[in-house]
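Okay, here's what each chain looks like letter by letter:
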Amino acid sequence: MLCRWAAGLRHAALQHGLISGAMSASGIRTGEPQAAEAERAHLTAVPPGWPPQREDFEPKLQGPRLHGPKAPPKASCPRSSQLMPCPPAFHHPEPDRGVTSMVNAGAMSASGNLMDFLDEPFPDVGTYEDFHTIDWLREKSRDTDRHRKITSKSKESIWEFIKSLLDAWSGWVVMLLIGLLAGTLAGVIDLAVDWMTDLKEGVCLSAFWYSHEQCCWTSNETTFEDRDKCPLWQKWSELLVNQSEGASAYILNYLMYILWALLFAFLAVSLVRVFAPYACGSGIPEIKTILSGFIIRGYLGKWTLLIKTVTLVLVVSSGLSLGKEGPLVHVACCCGNFFSSLFSKYSKNEGKRREVLSAAAAAGVSVAFGAPIGGVLFSLEEVSYYFPLKTLWRSFFAALVAAFTLRSINPFGNSRLVLFYVEYHTPWRRKTTKLGKYPVLEVIAVTAITAIIAYPNPYTRRSTSELISELFNDCGALESSQLCDYINDPNMTRPVDDIPDRPAGVGVYTAMWQLALALIFKIVITIFTFGMKIPSGLFIPSMAVGAMAGRMVGIGVEQLAYHHHDWIIFRNWCRPGADCVTPGLYAMVGAAACLGGVTRMTVSLVVIMFELTGGLEYIVPLMAAAVTSKWVADAFGKEGIYEAHIHLNGYPFLDVKDEFTHRTLATDVMRPRRGEPPLSVLTQDSMTVEDVETLIKETDYNGFPVVVSRDSERLIGFAQRRELILAIKNARQRQEGIVSNSIMYFTEEPPELPANSPHPLKLRRVLNLSPFTVTDHTPMETVVDIFRKLGLRQCLVTRSGRLLGIITKKDVLRHMAQMANQDPESIMFN
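Residues numbered from 1 in each chain as written. Predicted model: local features only at pLDDT ≥ 70, side-chain atom pairs only at ≥ 80, totals over all residues. Heavy atoms only, no water.

*Asks:* Sorry if this is basic, but what is going on with the sheet that holds strand β4 (residues 687-688) here?
*Replies:* Whether parallel or antiparallel, the strands of a sheet pair through hydrogen bonds between backbone atoms. Spatial ordering of the open sheet is given by β4-β7-β8, a layout of 3 strands whose pairing is mixed. Among the strands making up the open sheet, the edge pair consists of β4 and β8 (761-762). Taken together, the 2 bridges between strand β7 (residues 743-745) and β8 define a ladder with parallel strand orientation. Across the sheet, Tyr-745 pairs through a bridge with Lys-762, a residue of β8. (Pairing = 2+ DSSP bridges. Helix = DSSP H or I, 4+ residues; strand = E, 2+ residues; numbered from the N terminus.)

Okay, structure coming up:
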């Protein structure tokens, strides 16, 4: 009778969720039959004085009764024995009060309600500390549970069904918002850069916010021959001293150019240093690291978005050898992080958030180059660590919306998304330096040197995007550039787009040596500019270097073909009077080759350049250039510029391209090693709250393995450091009777305690019962693949269920660096 009554009480409590309904299976999980039997014996042992009398519980159940009949439900003993075998009826006159205290402490709160602490999650559980790696498997499991819960609830009512539909469409809504904001910001940046770059040379009298080109558009006195000159636009010498020619006018314009450049650079570095230090640099190395699962709080924050947008305009306008295309990826990812924080589906799951960031990176490249397809491939090839199929579709949608928004703004006035869009009509035959310790002085010094050297050369004075546009352009009858100063045949009657090869004029030879000087200057100054404490992209400077080299090679080949068309290399395809060579196409191929060599991009690079040219027929030379440049660059080192930047900063990035072929074992890498202190562990039911707090205070580990006892070392699970801290903190606030000497246990049932013991603290819900484990003889090649493909933070090393050690992501990266004869201490984060 007593057994049936106890089973009925437990059954009613289980039905109403007041106590947990699953017994510990941790002994079975270790793989040892002896451990399983020991734990089962421990859990099913009959304490003295069992069962307690019903009157011992009656005072605790005052107030609202459990729903159901007043009499205990009739449950057979075999049913209750599935959870706990019915003990024999002992004939004690009075129950043991110590047992009653134990039951009250383990199953009831001070208010009399049966309680399992952490049944309801409290804030910050499941989040990660700064500069730590997320657990991909855990995030995936949490999202699966969330989706399963929503699916089951959607069948309960129409409102829940509508909520499930909103949840399913929230991803597309986020992509739409990202595309709209990224496209708008890119358009605003392009317009502002265009205006502020021209502001260094002069100002529009009719409207000071007009750029040089916009100012002349509105003038009725502008002619086609003098389309770059109009009365409404005045240089600073004309405005200040009313002189447009002469040495004094040149010197004054020179000084104003330098002063404006220094002012823009000083404002940019000051804003970055004071308000958003994370706004410096390209951002792509950090984006790659974040997408691999690393936490850098604030890097994608609202302040970073605002300051990076403003300072990006300033630094590009200053004339420094940098581009806005790389930082636009960072800006778009900041937009993605902002909008994902508005939806709990993404804000509470770091894995899902990274799917949004992958799509945002695609939108950033889309508005940077006007290449939506190239942006998606760039995100897939270069940036993303985890890229499921649905992210591919959403990335394309975000990139499409961003490109459409930018085209609607039309910042360049030609219905194109980039300034250097071109069409051809002819077939193709860090380490920190001493100066780096003073970021403001470094930026001012480099800006001053850049402005002083750049102004005299027309190819370095203009913005880099305008330079690339001129280098890419094919020479037509209406072109006025020095690069198109050829000697024309007065009897030529060809159409404009089919002008034959001609001998070079004086302007072409002048442009050649100016391009040669500009090429040397760009190479040298870009080395010092990239990495300063300002937003700085490397795409455009790299493309400019390649385009200058390619244009010079193209002009050289063109003149060789004209003067020596009977040579064997020209004989079969270049006849006299034909348009054999297009120098602008050589510039395009050179830009692709240089950018590919710097970044090691291949497929996405070819698609981006294809979308810039708008012609399928140029894919073959672009592919050849991209592959060749990668082969040549790989001969000097396998890392691209962004991977090298990641390693210089010590970020824990496990590149999927890295190969590990050494024959080491998990036991060679795991901690602790010989001579090191033993592994810090938690026991399942014998440590006090004070013991755990002391262990947390004296160590800086991300988490602790939980074992049955220190003697057996049988693995139970793994508890995260942050969740232990939060759980203890919230327990002290919400659960009465929790003190420093309260026993903390991870089992389903509380341990046996004396009558005067304080309430124990149950933390089974923070315990990961299925941590990833490997044996000590697992090859490290397999371990590296596991970490890379599953995105693990750590894995435990066991032998026959007995805990031996732990391997973290930092241990794997340091071991790989050591095997590659590199400094393992360069990996600073986990």
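*Asks:* Any chance you could explain the pattern of salt bridges here in plain terms?
*Replies:* Two side chains bearing opposite charge may form a pair once their charged atoms approach each other closely. This structure, assessed with the given rule, holds 21 salt bridges. Between Arg-138 and Glu-723 there is a salt bridge whose closest N-O contact spans 1.8 Å. Classification of Glu-723 by relative accessible area gives buried; the value is 3%. The salt bridge partner of Asp-167 is Arg-146, with a shortest N-O separation of 2.8 Å. Residue Asp-167 is found in helix α7 (residues 158-199), and its partner Arg-146 is found in helix α6 (residues 136-153); the two are separated by 21 residues along the sequence. Residue classification places Asp-167 among the buried positions, given a relative accessible area of 16%. (Salt bridge = Lys/Arg side-chain N within 4 Å of Asp/Glu carboxyl O. Buried < 20%, exposed > 50% of the residue type's maximum accessible area, 1.4 Å probe, protein only.)

*Asks:* Any chance you could explain the nonpolar core here in plain terms?
*Replies:* Here is a general trend for soluble globular proteins: nonpolar side chains tend to be buried in one another's company. Core analysis: the largest hydrophobic core is formed by 131 residues, its most contacted members being Phe-472, Ile-534, Met-543, Met-609 and Ile-807. A per-element tally of this core places helix α15 (residues 350-369) first, with 10 residues. (Core = buried A, V, L, I, M, F, W, Y, C linked by side-chain atoms within 4.5 Å.)

*Asks:* For this particular structure, what's the right way to read the packing of aromatic side chains?
*Replies:* Where two aromatic rings form a pair, the distance of their centres and the angle of their planes describe that pair. Following the criterion strictly, the structure yields 21 aromatic pairs and no others. Between Phe-208 and Trp-209, the aromatic rings sit 5.2 Å apart at their centres with planes inclined by 80°, giving edge-to-face as the arrangement. According to the relative accessible area criterion, Phe-208 is exposed, its value standing at 51%. A relative accessible area of 51% means that Trp-209 is categorised as exposed. Ring geometry for Phe-369 against Phe-539: centres 5.4 Å apart, planes inclined by 35°, an arrangement best described as tilted. By relative accessible area, Phe-369 is classed as buried at 1%. The class for Phe-539 is buried, based on a relative accessible area of 1%. Among the aromatic residues, those joined into a ring-pair cluster are Trp-195, Phe-208, Trp-209 and Tyr-210. Looking at Arg-461, its charged tip hangs above the ring of Tyr-455, at a distance of 4.2 Å from the centre. Lying over the aromatic face of Tyr-385, Lys-809 brings its terminal NZ or CZ to 5.9 Å of the ring centre. (Phe/Tyr/Trp six-rings, centres within 6.5 Å; stacked < 30°, edge-to-face > 60°. Lys NZ or Arg CZ within 6 Å of the ring centre and 35° of its normal.)

*Asks:* I keep staring at the sheet that holds strand β11 (residues 794-799) and nothing clicks. Help me out?
*Replies:* Taken together, the 3 strands give an open sheet; going across it, the order is β10-β11-β12, and neighbouring strands pair in mixed fashion. What marks the edges here is a single partner per strand, and that holds for β10 (773-775) and β12 (802-808). Ignoring strand direction, the axes of neighbouring strands in this sheet form an average angle of 35°. Pairing analysis gives 6 bridges linking β11 to β12, with the strands arranged antiparallel. Within β12, the residue paired with Thr-798 across the bridge is Leu-803. Relative to the sheet, helix α31 (residues 780-790) contacts β10, β11 and β12, its axis offset from that of β12 by approximately 65°. (Axes fitted to C-alpha atoms, helices over the stretch in contact; angles between N-to-C directions. Contact = heavy atoms within 4.5 Å.)

*Asks:* How should I be thinking about a nonpolar patch on the surface in this particular structure?
*Replies:* Residues Ile-158, Trp-159, Phe-161, Ile-162, Leu-165, Leu-166, Trp-169 and Val-173 make up a contiguous nonpolar surface patch of roughly 860 Å² in combined accessible area. You can see Ile-158 is positioned in helix α7. (Patch = residues over 30% accessible without salt bridge, like charges linked within 9 Å, V, L, I, M, F, W, Y side chains within 5 Å. Areas by Shrake-Rupley, 256 points an atom, 1.4 Å probe, with all protein chains shown as cover.)

*Asks:* Would you take a moment to explain unusual backbone geometry for this structure?
*Replies:* Apart from glycine, the bulk of residues carry a negative phi angle, and the bulk of peptide bonds sit in the trans form. In this structure, the amide linkage connecting Arg-671 to the following residue, Pro-672, adopts the cis form with an omega of 0°. Examined against the element boundaries, Pro-672 turns out to sit in the loop between α28 (666-669) and β3 (682-683). Within the chain, Glu-713 stands out as a residue other than glycine whose phi angle is a positive 55°. Residue classification places Glu-713 among the buried positions, given a relative accessible area of 16%. Within the chain, Ser-800 stands out as a residue other than glycine whose phi angle is a positive 55°.

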